[in-house]
Amino acid sequence: MWFFLGVGDLFHINLSFLVAFHLKFSSFYLPDKYLFLLLIFNLSWIVIASFFRLYDFDRITHLENILTNLLKAGVLHVFVITTFLFCLKASIFSREHLMYTYFFNFILVVIWRLFAIFLLKNYRRSGYNYRNVVVIGSGNIAQQMVEFFNSGDPHGYRLLSMFYEERPKRKFKDVEMLEIAKLKEYCLAHNVDEIYYTMSISDKDMMNDLILFSDNNMIRLRIIPDFTSFLFRKVNINSYAGIPVITL
């Protein structure tokens, strides 16, 4: 995914540069100084995109966050190029060409990002690029996770089974329910990618065993705290010297 997006960004940056050059000078032939500037354009964008992690698409990343980071990266890129030209005292470059370049580049890159997200969602709707997940627990949080995974929104998760300890608090329609003793065998047999733990974390032996099992088998373990008592409020978690602090 990152390679697909990165190549697309560089293609549209170079295309914008060439179109702007043609509009200004009625030619597609770039002299050496503009070839050098184009190289700086590409290298600086690669560094800035890495800094903002533009190509690390989380499966739950919202569109507004993607576009915001893209805008921040664009503004920083303008600042870097302007600073670079100022340090070189490079008044030989056309300001009009730069303005055209950034105008076309902003439009093309935003359209490209929206189109890429559209393609990815349709790709997932077709049954590809999925992560196999299981949920441990049968309480309210587990029910919310089941509703999320089965919502039909193409986040790229496939819920395989639910696991419970002792007796399940509730049953889930169209979801397999198994005892937690069968978890390890099931995960290895069904190529599980992620485990979502929704039960109490007071059982240190169980938690340590799950962490060790997940690490040894390249399975991501996600622990979901119960914030239902903070309903209708935004919750922010910070760490003070390793101590989790919840802010409402």
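As the structure is a prediction and not an experimental result, all values here were calculated from the model.

1. A few points about the overall build of the protein
Of the regular secondary structure elements, the protein holds 7 helices and 7 strands. Sequence-distant contacts, at least 24 apart, represent 69% of the contacts inside the protein between residues at least 6 apart. With an accessible surface of roughly 16,000 Å², the protein has 60% of that area assigned to carbon and sulfur atoms.

2. Regarding the sheet that holds strand β5 (residues 220-223)
Strand order across the open sheet formed by 5 strands is β3-β2-β1-β4-β5, with parallel pairing between neighbours. On the outer flanks of this sheet lie β3 (176-179) and β5, each paired with one strand and no other. For this sheet, the mean inter-axis angle between neighbouring strands, taken without regard to orientation, is 25°. Across 6 bridges, strand β1 (residues 131-136) lies against strand β2 (residues 157-164) in parallel orientation. From the neighbouring strand, Val133 faces β2, where its bridge partner is Leu159.

3. Points about the pattern of salt bridges
It is possible for side chains bearing opposite charge to pair when their charged atoms get close. Scanning the entire structure with this criterion turns up 5 salt bridges. Among the ionic pairs, Asp9 bridges to Arg113, the shortest N-O distance being 2.9 Å. Separated by 104 residues along the polypeptide, Asp9 in helix α1 (residues 2-25) and Arg113 in helix α4 (residues 95-125) bring together distant segments of the chain. On the basis of relative accessible area, Arg113 is assigned to the buried category, the value being 1%. Residue Asp209 is joined to Lys184 by a salt bridge in which the shortest nitrogen-to-oxygen separation is 2.9 Å. Here the residue Asp209 occupies a position in helix α7 (residues 204-216), and Lys184 occupies one in helix α6 (residues 183-189), the gap between them amounting to 25 residues.

4. Focus on the packing of aromatic side chains
Geometrically, a pair of aromatic rings is defined through the distance of the ring centres and the angle of the planes. Summed over all chains, the structure comprises 17 aromatic pairs. Pairing Phe21 with Phe25 gives two aromatic rings, centres 4.7 Å apart and planes at 45°, and the pair type is tilted. Linking Phe21 with Phe25, this pair stays in helix α1, spanning 4 residues, or about one helical turn. Relative accessible area serves as the criterion here: at 4%, Phe21 is assigned to the buried category. Pairing Phe148 with Tyr157 gives two aromatic rings, centres 6.5 Å apart and planes at 55°, and the pair type is tilted. An aromatic cluster is built from Phe17, Phe21, Phe25, Tyr34, Phe41, Phe93 and Tyr102, whose rings are joined through pairwise contacts. For the cation-ring pair, Arg158 lies above Tyr130, with the distance from its terminal atom to the ring centre recorded as 4.7 Å.

5. A look at the packing of helix α3 (residues 63-88) against α4
Put simply, α3 and α4 touch, their axes get as near as 11 Å, and they point 155° apart. Taken together, α3 and α4 sit at an angle that is classed as roughly antiparallel. Considering the relative orientation of α3 and α4, their crossing is right-handed. Across from Leu63, Ile66, Leu67, Leu70, Leu71, His77, Val78, Ile81 and Leu85 in α3, the residues of α4 making contact are Leu98, Tyr102, Phe106, Val109, Val110, Arg113, Leu114 and Ile117.

6. Considerations on the pairing of β5
Inspection of the sheet shows strand β4 (residues 194-197) paired to β5 by 4 bridges, in the parallel sense. Looking across to β5, one finds that Glu194 is bridged to Arg220. Viewed along the sheet, the connection from β4 through α7 into β5 turns out right-handed.

7. Some points on the packing of α1 against helix α2 (residues 32-52)
At a minimum axis distance of 10 Å, the contact between α1 and α2 shows a crossing angle of 150°. For the element pair α1 / α2, the angle class is roughly antiparallel. Handedness of the crossing formed by α1 with α2: right-handed. For the pair formed by α1 and α2, the contact residues are Asp9, Leu10, Ile13, Asn14, Phe17, Phe21 and Phe25 on the first element and Tyr34, Leu37, Leu38, Phe41, Asn42, Trp45 and Ile46 on the second. For the contact of α1 with α2, the per-class residue count stands at 11 nonpolar, 2 polar and 1 charged.

8. Side note on the nonpolar core
In terms of nonpolar packing, the biggest core is built from 26 residues, with Phe17, Tyr34, Leu37, Phe41, Trp45 and Leu54 touching the most fellow members. Those elements giving two or more residues to this core turn out to be α1, α2, α3 and α4. A total of 9 residues in this core trace back to one element, the largest contributor, which is α2. Excluding its chain neighbours within four sequence positions, the residues that come into contact with Phe41 are Ile13, Phe17, His77, Ile81, Leu98, Thr101 and Tyr102. Core analysis: the second largest hydrophobic core is formed by 16 residues, Val134, Phe163, Leu210 and Phe213 among them.

What counts and how
- Counting restarts for each chain: residues are numbered from 1 in the order of the written sequence.
- The predicted origin of the model limits local features to residues at a pLDDT of at least 70 and limits the giving and counting of side-chain atom pairs to 80 or more, whereas totals for whole chains, interfaces and linings rest on all residues.
- Heavy atoms from the whole structure form the basis of all side-chain values; hydrogens and water molecules are not counted.
- Going along the chain from the N terminus, every DSSP run of H or I of four or more residues is numbered as a helix, and every run of E of two or more is numbered as a strand.
- Contacts are assigned to residue pairs with any non-hydrogen atoms lying within 4.5 Å of each other.
- In this description, accessible areas are obtained by the Shrake-Rupley approach with a 1.4 Å probe, and a residue is regarded as covered only by the protein chains that are shown.
- Strand pairing follows a simple DSSP-based rule, namely that at least 2 bridges must link the two strands.
- Working convention: axes come from line fits to C-alpha atoms, limited for helices to the stretch in contact. Angles between N-to-C directions cover 0 to 180 degrees.
- Salt bridges are identified by distance alone: a Lys or Arg side-chain nitrogen within 4 Å of an Asp or Glu carboxyl oxygen.
- Burial here depends on accessible area, computed with a 1.4 Å probe over protein chains only, as a share of the maximum for the residue type. Under 20% is buried, over 50% is exposed, and the range in between is partly exposed.
- Put simply, two rings from Phe, Tyr or Trp (the six-membered ring, in Trp's case) pair if the centres are within 6.5 Å, and we call them stacked under 30 degrees between planes, edge-to-face over 60, tilted for the rest.
- Two conditions define a charge sitting above a ring: the NZ of Lys or the CZ of Arg must be within 6 Å of the ring centre, and it must be within 35 degrees of the ring normal.
- Angular relationships are summarised with four words: roughly parallel below 35 degrees, roughly antiparallel beyond 145, roughly perpendicular across 65 to 115, and oblique for the angles in between.
- Crossing handedness follows the turn of the near helix against the far one: under a right angle anticlockwise gives a left-handed crossing, and clockwise gives a right-handed one.
- Place the viewer so that the strands point away; then a crossover is right-handed whenever the path from the first strand over the helix to the second strand goes clockwise.
- Residues were grouped as follows: Ala, Val, Leu, Ile, Met, Phe, Trp, Tyr, Cys and Pro as nonpolar; Asp, Glu, Lys and Arg as charged; and all remaining residues, including Gly, as polar.
- The criterion is simple. A nonpolar core is a set of buried Ala, Val, Leu, Ile, Met, Phe, Trp, Tyr and Cys residues joined through side-chain atoms within 4.5 Å.

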